[in-house]
Each structure stands twice: as C-alpha cells, then as structure tokens.
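Residue-level structure breakdown
Given next are the chains, with one letter for each unit.
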2 protein chains.
Amino acid sequence: MNIGRAAEKSGLPPKTIRYYEEIALIRPARAENGYRDYSEDDVHRLRFLQRSRSLGFSVEECRTLLSLYQDDARASADVKAVALDKITEIDRKLAELKSLRGTLARLAEHCHGDQRPDCPIIDDLAGKRGA
Amino acid sequence: MNIGRAAEKSGLPPKTIRYYEEIALIRPARAENGYRDYSEDDVHRLRFLQRSRSLGFSVEECRTLLSLYQDDARASADVKAVALDKITEIDRKLAELKSLRGTLARLAEHCHGDQRPDCPIIDDLAGKRGA
DNA sequence: CATAAGGATTCCAGCAACTGTAAGGTCAAC
DNA sequence: GTTGACCTTACAGTTGCTGGAATCCTTATG
C-alpha cells in the first residue's frame with residue numbers, strides 16, 4: 001500500500017513516516033514506479049512506533065523497543081528495564097516541574113499585579129533575594 | 001570585562017552568552033581589539049536571563065521579561081500574567097507526564113521481567129489491548 | 001488524447017536553544 | 001619569541017519532525 005494509506009492506518013503523517021525511513025527505523029519495499037510499498041507488518045511497526053513515541057519514548061528508545069518487538073527470543077526483563085528507566089526519567093522531570101511551579105506560584109502570589117512597577121517576580125529574577 | 005569573566009559572574013557559558021547576543025537579547029560593547037566588553041549592567045541582565053531560563057521560561061518569554069525588567073514604568077500585572085501563563089503551561093505538562101507515568105507503571109507492573117519473551121509492555125505498544 | 005487534480009518522489013530549509021569544532025587573532029608571562 | 005590561555009568568527013550537529021519547492025506518476029474527466 002502507498003504511504004498515504006499507511007499514514008491513515010498508523011496514525012502518523014507521511015512526512016514522519018518518510019523521516020523514520022531516513023533514520024532507518026523502517027524499510028518498506030518499493031514499487032516499480034518508485035513509490036514506497038507498505039506491508040501489513042510495516043503498518044504494525046508504524047503503529048508500534050506511534051504508540052511508543054506517544055508514551056514519551058525517544059526515537060532511539062523506540063528503536064530499541066522495536067528491535068525487542070521483532071525479537072521472538074527477547075527477555076521481557078529487557079523491555080521492562082527500558083520502561084522502568086523511562087519512569088525514572090519521568091519522575092525526575094515531574095520533580096523539576098513541581099519545583100518550578102512552586103517557585104513561580106510563590107512569586108506570583110506575592111506580586112500584587114496592578115499598574116505599579118514594583119514587582120517581586122522581577123526582583124527575584126534580578127537576584128534581589130528576600131525582602 | 002571579557003566574556004569569560006561575565007560567564008563566571010552570570011553562571012552562563014560563553015557560548016550561550018554569544019548566542020544571546022546573536023539573537024539580540026544583549027548588546028555588549030566592544031573593546032578596541034574586538035573583544036566583547038561587558039558592563040556590570042550587562043552581567044545583571046545575563047544573570048536575569050540565567051535565572052529566568054532556569055525557571056523554565058522560553059527564550060522569547062525571557063525577552064519579554066527582560067524588557068519588563070528594564071522598563072521602570074512596567075505594570076507588575078504584566079509580569080504576573082507571564083508567570084501565571086507559565087504556571088498553566090507547567091500544569092499541563094505535569095498532567096501529561098503523570099498520565100504517561102501511570103500508563104508505563106501499569107504496564108511495567110504486569111510484566112514479570114524475566115528471561116521469557118512474553119511481555120505485556122510490548123503487547124500494548126503493538127496494539128494488542130486487554131488480555 | 002490532453003489535461004488537471006491528487007498523490008507520490010526528492011531535496012533543502014527551518015524550528016529551539018544551544019553545543020562542538022575548526023581556524024585564526026590577542027594578550028600576558030617566561 | 002614562544003607557549004598557553006582566552007578571544008574571535010563561522011559552520012555543523014543535536015532532536016524530531018514540519019513546510020516548501022520542483023518534479024513525477026496515476027487517475028478521472030472533457
């Protein structure tokens with residue numbers, strides 16, 4: 001099938017699919033006219049990529065997961081390790097965002113937010129601590 | 001002062017400082033030998049940028065904040081609005097990450113993580129729902 | 001049969017926010 | 001005078017696409 005149909009079926013835009021081929025994540029066949037020709041298996045792989053990307057895995061992680069997906073002799077422990085690493089990474093990001101949010105919320109809370117120039121947010125950004 | 005000293009004082013690498021000049025966030029003077037020459041005020045601006053970037057503001061938001069910083073007639077309401085927008089954005093990211101984390105944790109929990117190939121994580125990524 | 005629309009192809013540029021590298025200029029110390 | 005630290009510019013690379021231009025192929029219609 002052509003790339004447009006594969007795009008519909010996988011939920012990925014054609015541009016992205018071509019990009020995935022460029023970085024060697026998938027290798028579709030070519031028809032005689034030069035068009036890419038996707039098999040059902042290719043579409044499975046594309047959907048796999050779509051889902052794993054949407055779960056926050058990087059393209060390189062997706063490459064690993066895809067090779068595990070295609071490896072019938074894989075150990076589920078290997079897959080689990082990737083998932084747990086990602087959870088750790090997400091936890092780090094969550095902690096960082098929460099901390100940022102706390103700081104911003106505290107600053108905003110102390111800013112009267114009117115037409116006067118006096119502003120604790122700016123003061124903090126400028127390094128004028130406390131007060 | 002030279003860029004190296006300004007880097008030390010602001011906590012930003014020289015490369016980043018040059019980049020900020022390239023995108024017109026700061027405009028240091030030049031010495032006769034062509035070296036950038038930073039004033040104390042320049043360093044204040046750099047520290048301001050360092051702090052606001054580290055709080056998660058985009059470079060363009062930093063540009064806005066910096067102009068507010070340098071505007072003695074600013075309304076604190078304008079600053080507060082930027083901060084509140086950023087908090088909203090952080091909340092969105094937090095929700096997304098929490099959701100991802102939940103999905104991954106659920107998948108990992110059901111994966112026995114041993115030497116066998118059977119893996120609910122892969123099954124889910126492949127679209128085999130339920131089971 | 002011509003042609004126009006809709007898809008397909010390639011390649012190149014651009015987004016954010018830097019970072020790395022190369023090739024060279026300047027300055028202070030020995 | 002030469003070493004080494006520091007400065008300069010310019011260009012490439014990072015991540016993960018996305019948009020655009022020029023061209024080709026296929027299909028439907030007049």
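Overview of the structure. Not measured: the values here are computed from a predicted model.

Opposite the 50 residues of chain A that make contact, chain B presents 50 residues. Interface of chain A and chain B: buried area, both sides summed, is about 4,500 Å²; carbon and sulfur atoms make up 71% of it. Counting the surface chain A buries against chain B, the share from its top three residues, Leu104, Ile122 and Leu125 of chain A, is 15%. The interface formed by chain A and chain B includes 4 salt bridges. For the salt bridge of Asp124 of chain A with Arg51 of chain B, the shortest nitrogen-to-oxygen distance reads 2.7 Å. Connecting chain A to chain B are 20 residue pairs in polar contact (both at pLDDT 80 or more).

Around DNA strand C, the surrounding shell holds 19 residues, and the nearest of these are Gly4 and Arg36 of chain A together with Lys15, Tyr20 and Arg53 of chain B. Arg30 of chain A places a polar side-chain atom, nitrogen or oxygen, 3.3 Å from a phosphate oxygen of DNA strand C. At a separation of 3.0 Å, a phosphate oxygen of DNA strand C approaches a polar side-chain atom of Asn33 of chain B. Listed by contribution, the elements that provide at least two residues to the surface near DNA strand C are helix H1 (3-10) and helix H2 (14-22) of chain A together with helix H2 (14-22) of chain B. The leading source of residues in the surface near DNA strand C is H2 of chain B, at 4 residues.

To continue, consider the packing of H1 of chain A against H2 of chain A. Residue and element names in this part refer to chain A. Across the interface, H1 lies against H2 with an axial gap of 9 Å and an inter-helix angle of 100°. When the axis of H1 is compared with that of H2, the two are roughly perpendicular. Residue-level inspection shows Ile3, Ala6, Ala7 and Ser10 of H1 in contact with H2, the latter providing Pro14, Ile17 and Arg18. Among the residues forming the contact of H1 with H2, the class breakdown is 5 nonpolar, 1 polar and 1 charged.

Turning next to the relation of the copies chain A and chain B. With an RMSD of 0.3 Å, the operation that places chain A on chain B is a rotation of 180° combined with a shift of 0.1 Å along the axis. As the rotation angle and translation indicate, the two copies are arranged about a two-fold axis. When each C-alpha of chain A is compared by its distance to the rotation axis, Leu94 of chain A comes out closest, at 3.1 Å. With an isologous cut-off of 70% or more, the 100% of interface residues of chain A that recur at the interface of chain B puts this contact in the isologous class.

Here is what the cut-offs are and how they apply
Residues numbered from 1 in each chain as written. Chains lettered and ligands numbered in written order. Predicted model: local features only at pLDDT ≥ 70, side-chain atom pairs only at ≥ 80, totals over all residues. Heavy atoms only, no water. Contact = heavy atoms within 4.5 Å. Buried area = accessible area lost by both parts, 1.4 Å probe. Salt bridge = Lys/Arg side-chain N within 4 Å of Asp/Glu carboxyl O. Polar contact = N/O pair within 3.5 Å; in protein donor to acceptor, adjacent residues only side chain to side chain. Near = heavy atom within 4 Å. Helix = DSSP H or I, 4+ residues; strand = E, 2+ residues; numbered from the N terminus. Axes fitted to C-alpha atoms, helices over the stretch in contact; angles between N-to-C directions. Parallel < 35°, antiparallel > 145°, perpendicular 65-115°, else oblique. Nonpolar A, V, L, I, M, F, W, Y, C, P; charged D, E, K, R; others polar. Least-squares fit on C-alpha atoms with pLDDT ≥ 70 in both.

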